[in-house]
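Fold and contact review
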Amino acid sequence: MGKRAAIVGFGQTKGSSSRKDVNGIEMIHEAVSAALADAELGIEDIDAVVIGNMDHFEGINYVDMWSVEGSGGVMKPIIKVTTGGTTGTTVAMCAYYHVASGLFDRVLAIGWEKNSESDTTGAIITAYDPIWERPNMAGAIGGLAVDASRYMHDHGVTERDGARVTVRDRLNALNNPYAHLRQEWMRGKDVATLVDLLVSSEENQVLAYPLRMSDLCPRTDAAAALIFASEDVAETIAPVPAWVLAVANRHNTVYYGDLDWSLNETLEAASRQAFAKVGIREPLKEIDVCELYLPYSYAGLAWIESIGFCGPGEGRRLLWDGVTDMDGEIPMNPSGGVMSSNPIGATGVIRVGEAAIQIMGKAGLRQLNRDVKIAMATGFGGCYWADVLLLGKNKPL
Amino acid sequence: MKDAKPTCEGRIKVPYKWFVGETGSRFFAALRDRCEIWGTRCSRCNKVYVPPVKNCWGCFQPLDEWVPVSDSGVVESFTVARCPDAMFGLDPPVVYGLIRLGKASGSLLHYIGEARPEEVKVGMRVKAVFADRRSGNILDIKYFAPVRE
Ligand SMILES: [Zn+2]
């Protein structure tokens, strides 16, 4: 028992603000069909299914059963996983555990969300403790704003620095046909001009200080699916499987007031564990590409410091020096990232899938112009918990 | 294609009552009856928890030592919510943030009042303003107001 496991297939739907033409089940079917086609497998080849979303976004609590027309899970083992923002990365990790345990050879991992079907802020408020914090705080934006305002204060970071992250991700999204926000008006303009436009625009209103519209991810409808396979079959399915090198997860304390706001503690600890497993000492040099769950602009500065790509307060230098751009030393979010699509339950699956296709060489226009040996994907959840996955081209020892 | 019925609408309204427990209730009773703020202390970890916790997160031991905590403290971080939201029940702009009280190890998440949004800064000293009518919940603290010297 105990097997190496790899990703051998990935499929996703195009993100949009509202998929009016399909219901949730039908949207899941599109992603599953795309993943099966990518791996050249049939649903009969799948041994088990892991599926996830956040119950409150659609108001359906038995998604594992409800979705079988879309998941293809009729008379198969199915497990539903819900961990808030990290749902998609946890779905991927759970599918990996299935295969790595030696109990299953081919496991389908599905994430999906139809944010258009309910009130995202109203649903996210359920992530806060009802007695101590829910009465005086609401939704997703406020918590992130409190984080951003502390980070700006500690490091003298400006709104131009935040906008630099947005510009990178949204320019990258122009290469991704599945991205929700493809802002064509940005095409061909240089970075400094775009940053100036964002911070001077009156339409770009402040939602919660210091966060403007352009600092935040969209609400997206989309589904995504991955196929994990054991070492016994992976290489017969995919010419270049994306091997799982390490997975790590950390949770912290629940109250916002008790977190250490000088860093993202859970992301730091999970990254450190994953790097130790793979023997990575200098993440900036050794990792070839990242798909990071960055739901708002300043996370693209602060959290890359927590991961260990640079020291505290140095994130903005990496951004402005172009180190994280497509042709930089450590390209981040070639897909356009969460800033360009956030179908919450699917978002983590997309991070892992986009990291995998860079290794598999299937990323199309957003494929890096170099050999990708190690790719990193992360997940972020509500009151600061974190998932980290490292994928590799070489089969782990 | 023209749909006869593109959506089916619904609203799920489920009543809940969340039990505060004896530890939280003791905090709320002191707040309601005497306008006092108390925390639980872990001597092993040298931490004072506000809100109080029954069991220490650091060492997983039960806590039974209560300590009074000052009703004034420092703004650790904050935001100014500019969009109306049903959950606030307040008109924007709404200022709220993390307030570290006296010797507490962490902060309390709460509103900041009696200050223009542009006046609020990280590091600013604030003091609790209590609600006139208190019913034993976290909103018995109305908000924290700047300490003007
Ligand atoms: Zn302790």
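Above: the structure in question.
Residues numbered from 1 in each chain as written. Chains lettered and ligands numbered in written order. Predicted model: local features only at pLDDT ≥ 70, side-chain atom pairs only at ≥ 80, totals over all residues. Heavy atoms only, no water.

Structural notes on the overall build of chain A
- Each helix and strand in chain A was counted, giving 15 helices and 11 strands.
- Relative to the globule expectation of 21 Å for 397 residues, the C-alpha radius of gyration of chain A, 19 Å, shows essentially globular dimensions.
- With respect to the principal axes defined by its C-alpha atoms, chain A has extents near 55 × 45 × 40 Å.
- Evaluated residue by residue, chain A yields a buried proportion of 64% over its 397 residues.
- In chain A, the proportion of contacts linking residues at least 24 apart, taken out of those at least 6 apart, comes to 77%.
- The averaged location of the 50 negative side-chain charges in chain A is 4 Å from the averaged location of its 34 positive side-chain charges. (Helix = DSSP H or I, 4+ residues; strand = E, 2+ residues; numbered from the N terminus. Rg over C-alpha atoms; globule rule 2.2 N^0.38 Å. Buried < 20%, exposed > 50% of the residue type's maximum accessible area, 1.4 Å probe, protein only. Contact = heavy atoms within 4.5 Å. Lys, Arg positive; Asp, Glu negative; His and termini not counted. Charge placed at Lys NZ, Arg CZ, Asp CG, Glu CD.)

Focus on the layout of surface pockets
- Here the largest pocket defines a volume of roughly 1800 Å³.
- Residue lining of the largest pocket: 44 residues in total, with His56, Gly59, Ser118 and Asp119 of chain A together with Ile12 of chain B positioned closest to the centre.
- Per element, the largest residue contribution to the lining of the largest pocket is four residues, and it comes from helix H2 (residues 55-58) of chain A.
- Tallied by class, the residues present in the lining of the largest pocket amount to 15 nonpolar, 13 polar and 16 charged.
- As a volume, the second largest pocket reaches approximately 940 Å³.
- For the lining of the second largest pocket, the secondary-structure elements that each account for two or more residues are helix H6 (120-124), helix H7 (139-155), helix H9 (191-200) and strand E10 (374-381) of chain A. (1 Å grid on protein atoms, 1.4 Å probe; cavity = no way out; pocket = protein on both sides within 12 Å on 5 of 7 lines; lining within 4 Å. Points joined across faces, edges and corners; volume = space filled by probe spheres on them. Nonpolar A, V, L, I, M, F, W, Y, C, P; charged D, E, K, R; others polar.)

Re the packing of helix H5 (residues 87-100) of chain A against helix H15 (residues 344-360) of chain A
All names here are of chain A.
- At a closest axis distance of 5 Å, the pairing of H5 and H15 adopts a crossing angle of 60 degrees. When the interaxial angle is binned, H5 and H15 end up oblique. Of H15, the residues touching H5 (which contributes Thr87, Gly88, Thr89, Val91 and Ala92) are Gly345, Gly348, Val349 and Val352.
- Along the lines of polarity and charge, the residues of the contact of H5 with H15 split into four nonpolar, five polar and no charged. (Axes fitted to C-alpha atoms, helices over the stretch in contact; angles between N-to-C directions. Parallel < 35°, antiparallel > 145°, perpendicular 65-115°, else oblique.)

Observations concerning the pairing of strand E1 (residues 5-12) of chain A
All names here are of chain A.
- In terms of burial, E1 is largely enclosed, as eight of its eight residues are buried.
- In this structure, E1 lies alongside strand E7 (residues 221-230), joined through seven bridges in antiparallel fashion. Along E7, the bridge assignment pairs Ala5 with Ser230.
- Summarising the sheet, E1 and strand E8 (residues 242-250) pair through two bridges and their orientation is antiparallel. (Pairing = 2+ DSSP bridges.)

Looking at the packing of helix H8 (residues 159-173) of chain A against H9 of chain A
All names here are of chain A.
- The N-to-C vectors of H8 and H9 enclose an angle of 120 degrees; their axes lie 9 Å apart at closest approach. Judged by the angle between their axes, H8 and H9 are oblique. The two elements H8 and H9 cross, and the hand of that crossing is right-handed. From H8, Glu159, Arg160, Ala163, Arg164, Thr166, Val167 and Leu171 reach across to H9, where they touch Val191, Ala192, Leu194, Val195, Asp196, Leu198 and Val199.
- Among the residues making up the contact of H8 with H9, the classes are represented as nine nonpolar, one polar and four charged. (Left-handed = near helix turned anticlockwise from the far one by under 90°.)

Things to note about the nonpolar core
- Core analysis: the largest hydrophobic core is formed by 136 residues, its most contacted members being Phe228, Ile287, Tyr296 and Phe309 of chain A.
- With 10 residues, the top contributor of residues to this core is H15 of chain A.
- Setting aside anything within four residues of it in sequence, one finds Tyr296 of chain A in contact with Leu144, Asp147, Ala148, Leu211, Asp215, Leu216, Trp303, Met339 and Tyr384 of chain A.
- Counting residues in hydrophobic clusters, the runner-up holds 36 residues, among them Trp132 of chain A together with Ile37, Val53 and Ala128 of chain B. (Core = buried A, V, L, I, M, F, W, Y, C linked by side-chain atoms within 4.5 Å.)

With respect to the environment of Pro68 of chain B
Residue and element names in this part refer to chain B.
- Turning to its location among the elements, Pro68 is positioned in strand E3 (residues 65-69).
- You can call Pro68 partly exposed: its relative accessible area is 46%.
- Put simply, Pro68 and Gly39 are 29 residues apart on the chain and 6.3 Å apart in space, counted from C-alpha to C-alpha.
- Not counting residues up to four positions away in its chain, the partners in contact with Pro68 are Ile37, Trp38 and Lys103.

Structural notes on the interface of chain A and chain B
- Counting residues at the interface gives 30 residues for chain A and 33 residues for chain B.
- Carbon and sulfur atoms supply 68% of the area that chain A and chain B bury against each other, a total of about 2800 Å² over both sides.
- Considering only the side of chain A, the residues that lose the most area to chain B are Ile131, Trp132 and Asn136 of chain A, jointly responsible for 25% of the buried surface there.
- Here Glu76 of chain B ties to Arg150 of chain A by a salt bridge, and the two come within 2.8 Å at their closest N and O atoms.
- Across the contact surface, chain A and chain B share 10 residue pairs in polar contact (both at pLDDT 80 or more). (Buried area = accessible area lost by both parts, 1.4 Å probe. Salt bridge = Lys/Arg side-chain N within 4 Å of Asp/Glu carboxyl O. Polar contact = N/O pair within 3.5 Å; in protein donor to acceptor, adjacent residues only side chain to side chain.)

Looking at the sheet that holds E10 of chain A
Residues and elements named next belong to chain A.
- The strand order across the open sheet formed by nine strands is E3-E2-E4-E7-E1-E8-E11-E10-E9, and the pairing between neighbours is mixed. Each of the sheet's edge strands pairs with one partner strand only, and the pair in question is strand E3 (78-80) and strand E9 (289-291). On average, each strand axis in the sheet is tilted by 25 degrees relative to the strand beside it, whichever way the strands run.
- Looking at chain direction, strand E2 (residues 48-52) and E3 are connected through three bridges and run parallel. Paired with Val50 across the two strands is Ile79, which belongs to E3.
- Helix-sheet contacts for H15 involve E1, E2, strand E4 (106-114), E7, E8, E9, E10 and strand E11 (385-392), and the interaxial angle to E1 is about 115 degrees.

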